[in-house]
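Structural description and commentary
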Amino acid sequence: MAAEDSYPRLAARTRSFTLGRPRSVQVSPDGRQVLFLRSRSGTDPVRCLWRLDVDSGTEHVVADPGDLLLGTGESLTRQERARRERLREAGGGIVDYALDDAGRVAAFALSGRLFTADLLTGEVAEVVVAGPVSDPRPAPDGRHVGYVAEGVLRIADLFAGDRVLAAEDGVTWGLAEFIAAEELRRHRGYWWAPDSTAILAARVDEAPVQRWHIADPANPDRPAVEVAYPRAGTPNADVSLAIFRLDGSRVDVEWDRDRFPYLVTVHWSAAGPPLLSVLTRDQRCMRVLVLDADTGGCTVLREETDPHWVEVITGVPAWGPGGRLVWTVDQEGARRLLVDGEVLTPAALNVRRVVEVTDRGVYLAASAADPADIDTYLVTWEGEISAVTDGGCNSVAVGGPDTMVRLHAGMECFGTQVTVDHAGSRREVTSCAQEPPVVPEVSLLWAGARRLRTGLVLPRGHTPGTPLPVLLDPYGGPHVQEVLSARDMWLESQWFADQGFAVVVTDGRGTPGRGTEWERAVAGDLATAPIEDQVDALHAVAAEQPDLDLSRVAIRGWSFGGFLAAAALLRRPDVFRAAIAGAPVTDQSMYDTAYTERYLGCDTSAESYRVSSLIDDAPNLRGELLIIHGLADDNVVVAHSLRLSAALLAAGRPHSLLPLTGVTHMTHHEAVAESLLLLQVDFLRRALS
């Protein structure tokens, strides 16, 4: 085991130094208070709800789980654990909260119980309701709180009791289904009407979905857990919508669900009628629909098509003031902001997501010349564009006429700095995060003919002329970037480098931030271009830094990165001597519908699935392969690793398989997370010796 103050021990204990940071920041409509979540120290996983008084700069605890639960600790249902898994939520305590329109009432769940906080008086009260409570949200007027309990959508009148709004045997109301939460970026399943008189709710029927069973081999006395897993090429959950008015009436929503089965986004604000975005099963056509809340009928407002897929962008569609439709469009190789059919951003600016739509204009996250920087821009309704931030990874939250919260992560600082600008003054929200014991020394490079954005990390104090074994450490696939101008992204890479490796991290084709053609280069083949880019970047960096020993090269990764690591070792044994594949997708036909079909199509017998899977490559193994997988993973199930291992064994190819008992797709347990780092270094040293 590592020393108490070692990087592996501290990284595990602090959840990669994220505990104690302010997060989930919201600004009240008048701009006078900033709400956020934060634990009390860098090793405390229990988050409290805090309030910053903007005028005085003082911070107050609104709600402390320790006080509210009287030290009994949290108890979570399997459904809530699954919801947090989809959110990649690593903390405990208050992990989410929602506000009414006035910013006076906050609602949150703790251990399946419902609590509300009056942000004016500071009073926190438990609302006794049927539980266990999930995703509570106040009505805009603050009189009611909607929530879901065991698949039943309920509302609590804060002055007159609790009642059922939508319930049906065998289905759930008000929750996002697996595919929406895991792949379509929709984590909600119900939406309040802006006048607080109704709720638009999603009905999810998982009866058509194939059942898988996840066992716990370490505890054979326990029955396997049955999960509805929509494997590529098989049926999805049946998702529909209905409007429930508080007077007891119901209106079912009608659209062409046979052709557009995916419900992607719902937007309901005072600026206009409800907006929906829906997507075909092959994801090549998306429609924006306007919903008539009285009749349930939908009108097509806009339709987007793409020969590969239409990308899902967070924050759109949305209404702006005066009924302007805020949307994005892929044009001239870039993702661009569209308002009422007019393109307002240049092709040189790649829009990542829409952050907020305000009276001033649209705040959006975008990258310009360098995908490693994600800045926030304000695009006014007149089309004027101004950068709100400058370099690093940034976002904002706004409220009132003159309050803006900036969230900044850069190479010059640890963590995310949260500052509040108000009426010409600036205040910083306190971070209680523990400072890492290592300061990364990163060279950000443009590698090779495709100018692959790459980071090179050498051991601190490295003596030039000393050969170094090389570790490639990518994710390398859709929706995730590793090469960012943020110090925290490089902590683990620096620790690996300090163990005696040159660490190379590359964002190749398929990763975000480089335009639509770059993203779509993996259409029909998730392996060839990503492997090629890793190899090209390696050789380009080695040409500039001769200390990289190309006879000793390894690659590691998790999830898509695990797939990429195993694929690189199996298909390029001339380059790689070893690989660590964490939770790899080895057979694409066994992964979920929306992700896999987006890139490889809906026919799982197609060549695209064969070329993007690894089982047939097992006889090609020449180097050292370590496969790591959590036995409780319900996202990339352990069958992926077991089937690759079986194929390797049948081909007579020695390898190592490390099963993680009770671990899901995320590794939060302190001892496991710490030991995994140490075991990987030991494996790499032996494999590259």
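See the structure above.
What comes next is a walk through the structure. (Residues numbered from 1 in each chain as written. Predicted model: local features only at pLDDT ≥ 70, side-chain atom pairs only at ≥ 80, totals over all residues. Heavy atoms only, no water.)

1. What to know about the overall build of the protein chain
Broken down by element type, the protein chain carries twelve helices and 44 strands. Here the protein chain has a C-alpha radius of gyration of 25 Å; the compact-globule value for 689 residues is 26 Å, and the two agree. Taken over the C-alpha atoms alone, the protein chain extends approximately 70 × 55 × 55 Å along its principal axes. Split into buried and exposed, the 689 residues of the protein chain put 59% on the buried side. (Helix = DSSP H or I, 4+ residues; strand = E, 2+ residues; numbered from the N terminus. Rg over C-alpha atoms; globule rule 2.2 N^0.38 Å. Buried < 20%, exposed > 50% of the residue type's maximum accessible area, 1.4 Å probe, protein only.)

2. Considerations on the nonpolar core
With 94 residues, the main nonpolar core has Leu337, Leu472, Leu548, Phe576 and Leu625 as its most contacted residues. With nine residues, helix H8 (residues 560–571) is the largest single contributor of residues to this core. Setting aside residues no more than four positions away along its own chain, Leu337 makes contact with Val326, Trp327, Glu342, Val343, Leu344, Thr345, Val351, Val354, Val362, Leu364 and Val379. Residues Val457, Ile580, Ile628 and Val663 belong to the second largest nonpolar core, which totals 31 residues. (Core = buried A, V, L, I, M, F, W, Y, C linked by side-chain atoms within 4.5 Å. Contact = heavy atoms within 4.5 Å.)

3. Re the sheet that holds strand S24 (residues 298–305)
Spatially, the four strands line up as an open sheet ordered S21-S22-S23-S24, and their pairing is antiparallel. Taken across any chain shown, the strands that pair with only one partner, and hence form the sheet edges, are strand S21 (262–269) and S24. The mean angle between the axes of side-by-side strands here comes to 20 degrees, regardless of whether they run parallel or antiparallel. As paired elements, strand S23 (residues 285–291) and S24 share seven bridges and run antiparallel to each other. Opposite Arg287, over in S24, you have Glu303 as the bridge partner. (Pairing = 2+ DSSP bridges. Axes fitted to C-alpha atoms, helices over the stretch in contact; angles between N-to-C directions.)

4. Examining helix H5 (residues 491–498)
Burial of H5 is extensive: six of the eight residues sit out of reach of the surface. Along H5, the residues that are buried comprise Leu491, Ser493, Gln494, Trp495, Phe496 and Ala497. Buried residues belonging to H5 abut helix H1 (7–13), strand S38 (452–457), strand S39 (468–472), strand S40 (502–507), strand S41 (548–558) and helix H12 (670–687). The positive-phi residue at the C-terminal boundary of H5 is Gly500, with phi of around 110 degrees.

5. Overview of the side chain of Ser608
Inspection of the secondary structure puts Ser608 in helix H10 (residues 607–611). Taking the relative accessible area as the measure of exposure, Ser608 reaches 11% and is therefore buried. Within the local environment of Ser608, its side chain forms a polar contact with the backbone oxygen of Leu600, the two atoms lying 2.7 Å apart. Aside from chain neighbours lying at most four places away, what touches Ser608 is Gly524 and Leu600. (Polar contact = N/O pair within 3.5 Å; in protein donor to acceptor, adjacent residues only side chain to side chain.)

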